[in-house]
Amino acid sequence: MTSYCVRHFNPFSPERSGFRQYMKISIIGTGNVAYHLGKRLLEKGVKINQIIGRNAAHTEGVARILNTIFEADFNKIKTDSDIYIIAVSDSAIDSVAQKTSQVIDNQIVVHTSGSIPSTILKPYFKNYGSFYPLQTFSKESQPDFDSIPIFINANSKKSENKLLALGKKIANNLHHLDDDKRIIVHIAAVFVNNFTNSLFQIGHDILKKENLPFDILQPLMLETVLKIKNHEPSEMQTGPAKRGDLVTIQKHIDYLKKEAPQLVTIYELLTKNINPSIEF
């Protein structure tokens, strides 16, 4: 097994000091990450120099909220920003970087992806890296940046220090993480967030089909998360799979075969993941 070390940055260390109050930040993108990152920067007094997006009307709306100007034409991007943050979908990073490279010279350009290597920016920029906030973002929910881990990586120490200075303005939980390790963090995050939320939806749908309210599960959901704050998840595992309760498991499968056959495979796979000795 390979052992990895994530370097945590002391908020009071010299390498995180010296953020220039006049540092200008441009954000490329208008989705959830761009929106919340921009709001946090604004709240902390960081100058947002410009918002860039493909849809002029939508970009204008985000720019108004973030008290800045907007641009939909990549050829008219302001060139006096210190850091350009590309906060777009993973599939769009390369094309956006290519367009942005036509007007950017020595400034730092980063993306916010957890799965795309920072080196995707190498063909286009002299100074590049990643600025990855590990959180799920939606317009309806206000993220707690004080607790969100932000993983930083850059192709030079000078650029990294500038990104750290920026990170210090908006968060307390900063780490250096290279591309290879960041994708590992992202894989784990997909399991604990995206897949877990999908399981919440399954529970919601099962209850809805029987005219039962979803909120009856919420105390259980909260307790499950709270228990693993101070314990290994394996230590807190309960349920029929953990107990090897084949009678209860078969009752569940019989119900699913009748009412939601598409969920049988999921149920069996998760059951065997908890208890590999169980056979179906």
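The structure displayed is predicted, hence computed values, not measured ones. (Residues numbered from 1 in each chain as written. Predicted model: local features only at pLDDT ≥ 70, side-chain atom pairs only at ≥ 80, totals over all residues. Heavy atoms only, no water.)

1. A short note on helix α3 (residues 93-100)
(1) Moving on: Along α3, the residues classified as buried are Ile 93, Val 96, Ala 97 and Thr 100. Angular distribution of buried residues about the axis of α3 spans 100 degrees; they occupy a single face of the element.
(2) Moving on: Summarising the contacts, the buried residues of α3 are in contact with β2 (24-28), β5 (83-86) and β6 (108-111). (Buried < 20%, exposed > 50% of the residue type's maximum accessible area, 1.4 Å probe, protein only. Helix = DSSP H or I, 4+ residues; strand = E, 2+ residues; numbered from the N terminus. Arc of directions from axis to C-beta. Contact = heavy atoms within 4.5 Å.)

2. Details of unusual backbone geometry
(1) Moving on: Backbone geometry places Asn 67, a non-glycine residue, at a positive phi of 55 degrees.
(2) Moving on: Take Asn 67: it is sitting in the loop between α2 (56-65) and β4 (70-71).
(3) Moving on: Phi is positive for Asn 211, close to 60 degrees, though the residue is something other than glycine.
(4) Moving on: On the secondary structure map, Asn 211 appears in the loop between α5 (179-209) and α6 (218-227).
(5) Moving on: What makes Asn 211 exposed here is its relative accessible area of 72%.

3. Description of the environment of Ile 278
(1) Moving on: Of note, Ile 278 is situated in the segment after α10 (264-274).
(2) Moving on: According to the relative accessible area criterion, Ile 278 is buried, its value standing at 4%.
(3) Moving on: Through-space distance from the C-alpha of Ile 278 to that of Asn 49 is 58 Å; in sequence the pair is 229 residues apart.
(4) Moving on: The contact partners of Ile 278, leaving out residues within four places of it in the chain, are Ala 241, Gly 244, Leu 246, Ile 249, Thr 271 and Lys 272.

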